[in-house]
Amino acid sequence: MSSADLPQSSSRVRPSTWLQKLQELPAQLQRNPALAIPKLCGAECVPVMAALEAVETNQHTELKKALDGLATWAEQGLAFDAFGDSQQMARQLFAGIDHSIRAACFDRDPDHPFKAQSVQSAIVAFEQAGYGAATVADRAMWLPVSYTENRTQFDAFCQAASGYTSSAVGIVWDIVCQLSRFDFRQPQDNRTAGIKILLFGANELGSKGAIAQLEVELFDDKCGTFIPDVGRMGLTTAKPEFLTAMGDAWQVAGLTGCSGRWRVNACEMYSQIPWISGNSAQAATVCALWAAAGKVPQGGDEFTPPFYLDPYASISACIASGTGPAAALGPVGGINEKLEATRIRSDLVDRVIVAALQESADYQEHRDLRPDDPSTARTLGEAFSSLFRVQTALTFYRQEVINEWTKRWEPGTAAL
């Protein structure tokens, strides 16, 4: 039987799931604009998932048509109203993701995989979303790149890019690499770590607490940057104070010889986070970075296997001053609402660490009701040690085994 004899309706039997969702999305959003949050935020942002599927199945034409339809919807004035006062940022994030997908999937050829037009448009969109202004030198780096699947060329690019400060450039590079399957920046030795963080007012429901998952990854590319993983957060908008806090956390962590990537996603299925703000995730970010690196920096650039943080613990504190383990923790806002979220979902978080200086009236009321939770820490080092529960338990266990053997071999002890 030749290929011409095969049933022509086979594609209907096995539809392209994410492409189909993308094709249907503009009509759904036209009827209900509030669907923009569940469909475009989080780890399953429909356009990104559809692009990944199209790359795998070589359905670029279908992808382009579907993206064009969604772009038409996005041009409407009320398209991003569901994002409240973050709608302008969401609109620019959408444009940046759209142009990055086009740069990865359409606007490339064997000699110049990343043509300038879509790349430049994506960089501008992320800049306007507040994700760092690119310098002229940053932009110029895209123009001469003739990229192939070659680790040497990738390392050369990273060396040339070392020290650039623009998150916008890094985000575009990150998305294009992921979608092009050119991403050689896979975390070495599973250098990833996750920790629960507590948010306040991070949804359209108003002043309520929420629990989210922060994940960080470290790479050996020497760039020294720490960027948001927009490809796996979608239109979840990080407000300026949050971006600044994450940049400061990277500096406080003191890691060298690598770059990092972070993302924040909702813990609960069918729930998304439209925006994140504030600085209460700073301490958690530093602890996650140290866990991923397998070390608290004390000099030298060698990494060990990653540490394992308590998956049911969280820390809600900013960094008041200092760097490294001695950095002092500071209080944060909305602490009562955040703790209330952990009371409701104790299956996600059963232990919270806050700064020793956290002295709001609401917090004291919570302490009166539950005197053992949360615990407090004065410094990052204290907080990290407390979060490092699994490894600490193993240390105690091993020491107990050593003690038992020592007792058995002491003089006067009966032979085994």
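Residues numbered from 1 in each chain as written. Predicted model: local features only at pLDDT ≥ 70, side-chain atom pairs only at ≥ 80, totals over all residues. Heavy atoms only, no water.

Here we look at the packing of helix α11 (residues 240-253) against helix α12 (residues 282-293)
Packed helix pairs are characterised by how far apart their axes lie and by the angle those axes make with each other.
Next, step 1: Running from N to C, α11 and α12 point in directions that differ by 45°, and their axes come no closer than 9 Å. Accordingly, the angle class assigned to the pair α11 and α12 is oblique. Viewed along their axes, α11 and α12 form a crossing whose handedness is right-handed. Counted together, Ala245, Met246, Asp248, Ala249, Trp250, Val252 and Ala253 of α11 and Gln282, Thr285, Val286, Leu289 and Trp290 of α12 form the full contact between these two elements.
Next, step 2: Among the residues forming the contact of α11 with α12, the class breakdown is nine nonpolar, two polar and one charged. (Axes fitted to C-alpha atoms, helices over the stretch in contact; angles between N-to-C directions. Helix = DSSP H or I, 4+ residues; strand = E, 2+ residues; numbered from the N terminus. Parallel < 35°, antiparallel > 145°, perpendicular 65-115°, else oblique. Left-handed = near helix turned anticlockwise from the far one by under 90°. Contact = heavy atoms within 4.5 Å. Nonpolar A, V, L, I, M, F, W, Y, C, P; charged D, E, K, R; others polar.)

Concerning helix α2 (residues 17-31)
Next, step 1: Taking 1.5 Å per residue, 15 residues should reach 21 Å; α2 reaches 21 Å between its end C-alpha atoms and fits that length.
Next, step 2: The principal kink in α2, of about 40°, is found at Leu25, preceding the proline Pro26 by one to four residues.
Next, step 3: When we look at burial in α2, the residues that qualify are Trp18, Leu19, Leu22, Leu25, Pro26, Gln28 and Leu29.
Next, step 4: Residues of α2 that are buried in the fold lie against α3 (36-40), α4 (46-57) and α5 (60-74). (Expected span 1.5 Å × (residues − 1). Bend = angle between axes of the 7 residues up to and from the residue. Buried < 20%, exposed > 50% of the residue type's maximum accessible area, 1.4 Å probe, protein only.)

Let's talk about unusual backbone geometry
Next, step 1: Located in the positive-phi region is Asn58, a residue other than glycine, with phi close to 60°.
Next, step 2: Structurally, Asn58 can be placed in the loop between α4 and α5.

Comments concerning the packing of aromatic side chains
Next, step 1: Using the criterion set out here, one finds eight aromatic pairs in the structure.
Next, step 2: An aromatic cluster is defined as three or more aromatic residues linked by ring pairs; in this entry it consists of Trp73, Phe80, Phe83 and Phe94. (Phe/Tyr/Trp six-rings, centres within 6.5 Å; stacked < 30°, edge-to-face > 60°.)

Focus: the nonpolar core
Next, step 1: The biggest cluster of nonpolar side chains holds 101 residues, and the ones touching the most others in it are Leu63, Phe126, Trp262, Val264, Ile315 and Leu380.
Next, step 2: The element best represented in this core is α12, accounting for 10 residues.
Next, step 3: Formed by 11 residues, the second largest nonpolar core is a distinct cluster that contains Val332, Ile335, Ala341 and Val354. (Core = buried A, V, L, I, M, F, W, Y, C linked by side-chain atoms within 4.5 Å.)

Section: the pairing of strand β8 (residues 318-321)
Next, step 1: Of the strand pairs in this sheet, β8 and strand β9 (residues 328-330) are connected by three bridges, and their pairing is antiparallel. Across the sheet, the residue bridging to Cys318 is Gly330, located in β9.
Next, step 2: Counting the residues that bridge the hairpin from β8 to β9 gives six residues, and of these Gly322 lies at a positive phi of roughly 85°. (Pairing = 2+ DSSP bridges.)

Considering the pairing of strand β7 (residues 313-316)
Next, step 1: The two faces of β7 match: Ala313 and Ile315 on one face and Ser314 and Ser316 on the other face are all buried.
Next, step 2: Relative to strand β10 (residues 351-355), β7 runs parallel, the two sharing four bridges. If you follow Ile315 over to β10, its bridge partner there is Ile353.

Remarks on the pattern of salt bridges
Next, step 1: Scanning the entire structure with this criterion turns up 16 salt bridges.
Next, step 2: Among the ionic pairs, Arg232 bridges to Glu217, the shortest N-O distance being 3.4 Å. Placement of the pair is Arg232 in the loop between β3 (226-228) and β4 (237-238) and Glu217 in strand β2 (residues 209-219), with a sequence separation of 15 residues.
Next, step 3: The exposure class assigned to Arg232 is partly exposed, which follows from its relative accessible area of 26%.
Next, step 4: Of the charged contacts, one joins Glu382 and Arg378 as a salt bridge, the two residues approaching to 2.7 Å between their closest N and O atoms.
Next, step 5: The class for Arg378 is exposed, based on a relative accessible area of 58%.
Next, step 6: A cluster of three or more residues bridged by salt bridges with shared partners is formed by Asp174, Glu215, Glu217, Asp229, Arg232, Arg261 and Arg263. (Salt bridge = Lys/Arg side-chain N within 4 Å of Asp/Glu carboxyl O.)

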